[in-house]
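Here is what each chain is made of, one letter per residue.
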Amino acid sequence: MRFIDNWCYALTDELAAGGTELPVAGEAIARLALAEGDEYVLCIVGALDPLNNSALEVVRLVGLASGYELLRGEQGTTDVTWPAGAVVHCGVTAALLAELWAAAQGGGGGSDDTVIEHITDNVHTRFFGTPSTPPSRLGQVCRQIEINGLVCEWVAYVRWDDSLQWRRSVLPMADWGLGIADSYTTSLLDSDRAFAMTTDAFAENPVETTLALPPAVAAGDGIRIPIVIANWSAQTWTLVLDPAAFWQSGAELILQTSAFDALGITSSSTELGVVSCVVPANTRVWFDLTAVYSTDETGSGMFCEITARPINLYLN
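Below is a short write-up of the structure. (Residues numbered from 1 in each chain as written. Predicted model: local features only at pLDDT ≥ 70, side-chain atom pairs only at ≥ 80, totals over all residues. Heavy atoms only, no water.)

### Quick look at the overall build of the chain
When its secondary structure is counted, the chain shows 3 helices and 19 strands. For the chain, the proportion of contacts with a sequence separation of at least 24, taken over those separated by at least 6, is 63%. Entry remark: accessible area of the chain is about 16,600 Å², with carbon and sulfur atoms responsible for 51%. (Helix = DSSP H or I, 4+ residues; strand = E, 2+ residues; numbered from the N terminus. Contact = heavy atoms within 4.5 Å. Areas by Shrake-Rupley, 256 points an atom, 1.4 Å probe, with all protein chains shown as cover.)

Printed below as a string of C-alpha cells:
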C-alpha cells in the first residue's frame with residue numbers, strides 16, 4: 001500500500017460503470033510513480049464539498065509491468081458511472097483506519113508474519129543460532145522457543161550490503177555447559193548455528209575448551225557462527241579453535257581479531273592453524289566467528305575473523 005499527499009484531480013471525461021481507465025490528466029498518474037505491485041486506494045466523489053456528497057466509490061489502482069489495473073467498487077462501495085468533473089483523490093477510508101487500529105491493538109490488520117521456531121536440540125551447548133527461516137521484510141520478528149520455555153528473539157535489519165539479515169534483540173541466559181571438565185574438547189557440526197558455555201563462580205582451575213571446526217569451513221562460503229563464553233569465575237578461560245579436520249600441510253592462516261584489547265582478551269595461533277583466545281576472569285564475551293578455508297593453484301589457507309563483544313550488549 002502506498003500513499004501520496006495532495007493528490008486530487010477532476011475527471012476529464014465520464015468514467016462508466018465497469019470502466020478500467022481513470023480519465024484524469026496525464027500528470028496525475030505520473031505523480032503516483034507506479035511500479036509493478038504498487039497499490040493506491042483512491043476515493044471518487046461528486047464534489048469536494050462533503051455536505052453535497054451522497055455517493056462515494058472506493059477504487060484501487062494497482063501497478064502492472066506496463067500501466068495499471070483499476071479495481072472498482074472496493075471496501076463495500078458500488079461501481080457506478082461518474083460524470084466528467086467528479087473528483088478522485090487519495091484519501092483515508094474507514095476500512096483503512098480500522099485496519100491500522102486492529103494492527104496497533106495486536107489484532108492483525110494484515111497477516112502477523114512473526115516467525116516461530118521451536119528448539120528441541122540440546123541447548124546447553126548448542127543454543128539459539130540464526131533462524132533457519134530467512135526474513136521477508138525489515139522489522140520482522142522471529143521468536144525461538146526452547147523446550148524449557150526460554151525465548152530468543154530476533155529482528156530483521158538491512159545489512160551494509162543491502163541484504164535482509166536477522167539480528168538478536170533478546171538473548172536469554174542459561175547455565176550452559178555447567179559441570180563439564182576443566183579441559184574439554186568437542187566438535188562443531190556443520191548443522192550447528194551457535195555454541196555457548198558457562199562456568200560457575202567457584203571454578204578452581206583455568207578452563208580450556210577446544211572446538212574442532214567442522215568441514216563446512218572448507219566448503220563454499222565457510223561458516224559464520226556466534227560463540228558465547230560466559231566466564232563467571234576468577235579463572236581464565238581459553239577457547240581453542242582447531243581446523244585439523246580439513247587443514248593441509250603448508251596452509252596459511254590469516255587471523256583478524258577485533259575488540260580483543262578492549263575486553264582484555266589475548267590470542268595466539270600455531271603453524272597448524274590452531275587459534276587460541278584467552279578470556280580473562282569474570283568476563284562474559286560473545287565471539288562472532290567467520291572462518292573460510294580455500295584452496296587454489298597457489299596453495300591453501302584459512303581466513304579467520306573473530307569479533308569480540310561484551311555479552312551484556314545482547315541481553316534484554
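### Examining a nonpolar patch on the surface
On the surface, a nonpolar cluster with roughly 300 Å² of combined accessible area is contributed by Val-92, Leu-97 and Leu-100. Here Val-92 lies in the loop between strand 5 (87–89) and helix 2 (94–104). (Patch = residues over 30% accessible without salt bridge, like charges linked within 9 Å, V, L, I, M, F, W, Y side chains within 5 Å. Salt bridge = Lys/Arg side-chain N within 4 Å of Asp/Glu carboxyl O.)

### Here we look at the side chain of Ser-300
Tracing the sequence through the fold places Ser-300 in strand 19 (residues 299–310). Engagement of the side chain of Ser-300 in a polar contact is seen with the side chain of Tyr-293, the distance being 3.0 Å. Residue contacts for Ser-300: discarding those within four places in its chain leaves Gln-248, Ala-251, Glu-252, Tyr-293, Ser-294 and Thr-295. (Polar contact = N/O pair within 3.5 Å; in protein donor to acceptor, adjacent residues only side chain to side chain.)

### Some words on the nonpolar core
In this structure, Ile-227, Leu-241, Phe-287, Leu-289, Met-302 and Ile-306 are the most contacted members of the largest nonpolar core, which totals 33 residues. Of all the elements in the fold, those that place two or more residues in this core are strand 11 (195–199), strand 12 (207–212), strand 13 (223–231), strand 14 (237–242), strand 17 (275–279), strand 18 (283–296) and strand 19. For this core, the element with the most residues is strand 18, which contributes 5 residues. Ignoring sequence-local partners within four residues, the contact set of Met-302 consists of Leu-213, Val-217, Pro-243, Phe-246, Trp-247, Glu-252, Leu-253, Ile-254, Gly-273, Val-292 and Tyr-293. (Core = buried A, V, L, I, M, F, W, Y, C linked by side-chain atoms within 4.5 Å. Buried < 20%, exposed > 50% of the residue type's maximum accessible area, 1.4 Å probe, protein only.)

### Things to note about the sheet that holds strand 10 (residues 183–187)
With mixed pairing, the 5 strands of this open sheet are ordered in space as 10-12-14-17-16. Only two strands of the sheet have a single partner each, and these edge strands are strand 10 and strand 16 (266–269). The average undirected angle you get between the axes of adjacent strands in this sheet is 15°. For strand 14 and strand 17, the ladder comprises 5 bridges, and the chain directions are antiparallel. In the strand pairing of strand 17, Val-240 is matched with Ser-276. (Pairing = 2+ DSSP bridges. Axes fitted to C-alpha atoms, helices over the stretch in contact; angles between N-to-C directions.)

### Let's talk about the environment of Asp-261
Within the secondary structure, Asp-261 is located in helix 3 (residues 260–263). On the basis of relative accessible area, Asp-261 is assigned to the exposed category, the value being 75%.

### Digging into the pattern of salt bridges
Any two side chains of opposite charge can pair, given that their charged atoms come close. What the rule picks out here adds up to 9 salt bridges. In this structure, Glu-39 and Arg-60 form a salt bridge, with 3.2 Å as the shortest nitrogen-oxygen distance. Residue Glu-39 is located in strand 2 (residues 39–45), and its partner Arg-60 is located in strand 3 (residues 56–63); the two are separated by 21 residues in the primary sequence. Here Arg-159 makes a salt bridge to Asp-161, at a shortest N to O gap of 2.5 Å. A cluster of three or more residues bridged by salt bridges with shared partners is formed by Glu-39, Arg-60 and Glu-74.

### Focus: the packing of aromatic side chains
According to the stated counting rule, one finds 4 aromatic pairs in the structure shown. Between Phe-260 and Phe-287 the ring centres are 5.8 Å apart and the planes differ by 50°, which places this aromatic pair in the tilted class. Placement of Phe-260 in helix 3 and of Phe-287 in strand 18 is noted, with a sequence separation of 27 residues between them. On the basis of relative accessible area, Phe-260 is assigned to the buried category, the value being 4%. By relative accessible area, Phe-287 is classed as buried at 0%. The ring of Tyr-157 has Arg-167 sitting right over it, with the charged end atom 3.8 Å from the ring centre. Positioned over the ring face of Trp-232 is Arg-284, at 3.9 Å from the centre of the ring. (Phe/Tyr/Trp six-rings, centres within 6.5 Å; stacked < 30°, edge-to-face > 60°. Lys NZ or Arg CZ within 6 Å of the ring centre and 35° of its normal.)

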